[in-house]
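Architecture at a glance
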Amino acid sequence: MRILVTGHKGYIGTVMTPILLDAGHEVIGLDSGLFQGCAFAPGFRDVPELALDLRDVQRRHLEGFDAVIHLAALSNDSLSNLNPEVTYDINHAASVRLAQIAKDAGVRRFLFSSSCSLYGTANGERVKESAGLDPVLPYSITKFLVEQDVAKLADETFSPTFLRNATAYGVSPRFNVELVLNNLVAWACTKGSLYIKSDGSGWRPTVHVEDISRGWLAALEAPREVVHNQAFNVGLTEENYSIRMLAEIVQEVVPGARFEYAKDPAPTTRSYRVDFGKIQSLLPAFKPRWNVRKGAEQLYAAYRDAGFVFEDCEGPRFNRVVWLKQLLAAGRLNPALRWIA
Ligand SMILES: NC(=O)c1ccc[n+]([C@@H]2O[C@H](COP(=O)([O-])OP(=O)(O)OC[C@H]3O[C@@H](n4cnc5c(N)ncnc54)[C@H](O)[C@@H]3O)[C@@H](O)[C@H]2O)c1
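Bear in mind that the values here come from a model prediction, so they are computed numbers and not experimental data. (Residues numbered from 1 in each chain as written. Predicted model: local features only at pLDDT ≥ 70, side-chain atom pairs only at ≥ 80, totals over all residues. Heavy atoms only, no water.)

**Focus: the packing of helix 6 (residues 180-191) against helix 11 (residues 292-306)**
Orientation of helix 6 relative to helix 11, taken along the N-to-C sense of each, is 50 degrees, at an axis distance of 9 Å. Compared by their axis directions, helix 6 and helix 11 come out oblique. Helix-helix and strand crossings are classified by hand; for helix 6 and helix 11 the assignment is right-handed. Where helix 6 abuts helix 11, its residues L181, N182, V185, A186 and C189 lie against V292, G295, A296, L299, Y300 and Y303. For the contact of helix 6 with helix 11, the class distribution of residues is 9 nonpolar, 2 polar and no charged. (Axes fitted to C-alpha atoms, helices over the stretch in contact; angles between N-to-C directions. Helix = DSSP H or I, 4+ residues; strand = E, 2+ residues; numbered from the N terminus. Parallel < 35°, antiparallel > 145°, perpendicular 65-115°, else oblique. Left-handed = near helix turned anticlockwise from the far one by under 90°. Contact = heavy atoms within 4.5 Å. Nonpolar A, V, L, I, M, F, W, Y, C, P; charged D, E, K, R; others polar.)

What follows is the structure, given as structure tokens:
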């Protein structure tokens, strides 16, 4: 297939692009390059690209594609809280517009990067895709709104699929250290502490960034009727952990790391246990290869290879919101997060 991948230069996009290429697909990227300076591990594969803001996409950009994989977004709570109005513009309005233009241009498949954060707080039974949604903050509210609005575009010519990723971890060429496992291992191997920013009780399903990409590939290649206007949780049912449990696994991997709790713990706004049975049964080509322990080992080795230092744990290079604040303060981005020429 000929695929347009938006956000191909991000944490997930730089891992997914080689996996799509290796599966024989043709990939064209679309990205405004917000995190150009955040390179980490090797593995980046250059593809032809539209260096474009999502808000400026025109029909001519979408012509000739079989599928759109839509990853570009302000990709977490802290980034989305920076300026909620801009978040709604990019994550909601521009995403729905992209889907409409794709449909008008004759693109038949549209895979949207949704999130398990839609489930808000669901601490009881593991939640399935059919569960009631409880998006709490602007980030997850925009994911909810896109699912609602793009579902209305589905017809015999246009098949949207909503892939609700668990929280990612693992090495990527365009790294993000805010993600919970990445952060725990980073603190453990640079400071010797398992630093818990909340009370540690919140539940979080986790999945390796490569396995997310494999899940998406399976959805892309599945028969249309299996994925048409469907939501899928992307992850593994056995990989639901509380933050404290994640830290205990990291403790087994990083020798000598000790628990340390934030003095002013962040409130637990997200906590959910998720059932991933649907993707396992309907998309049998999805064969995850990772678990948290292997992921922690991979991260530990990569941090040592890269000479990762404590300042990198919370500094700008691998923290999306700190990085953008720096670009804003330097006058390189305007408040709408557009580049200033
Ligand atoms: N990483 C996770 O744990 C996770 C979990 C669930 C869902 N998701 C979703 O997956 C997608 C990708 O996440 P990620 O972790 O790779 O994020 P990321 O922040 O690393 O990458 C996002 C990419 O989108 C680009 N982008 C942002 N705004 C843009 C705009 N207006 N125009 C063009 N490009 C723009 C950025 O330059 C960046 O390269 C996002 O939609 C995110 O919400 C991520």
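**Re the pattern of salt bridges**
Applying the stated criterion across every chain yields a total of 15 salt bridges. Residue K9 is joined to E49 by a salt bridge in which the shortest nitrogen-to-oxygen separation is 2.9 Å. Of this pair, K9 sits in the loop between strand 1 (2-6) and helix 1 (13-22) while E49 is found in strand 3 (residues 49-51), placing the two residues 40 residues apart along the sequence. On the basis of relative accessible area, E49 is assigned to the partly exposed category, the value being 33%. Ionic pairing is found between R214 and D211, a salt bridge with its closest N-O pair at 2.9 Å. In this pair, R214 and D211 are both assigned in helix 7 (residues 209-221), 3 residues apart and thus about one turn of the helix distant. For the pair formed by R214 and D211, the shared burial category is buried. By sharing partners, the salt bridges in this structure join E210, D211 and R214 into a single network. (Salt bridge = Lys/Arg side-chain N within 4 Å of Asp/Glu carboxyl O. Buried < 20%, exposed > 50% of the residue type's maximum accessible area, 1.4 Å probe, protein only.)

In short, the description is geometric, and any link to function would need to be established separately.
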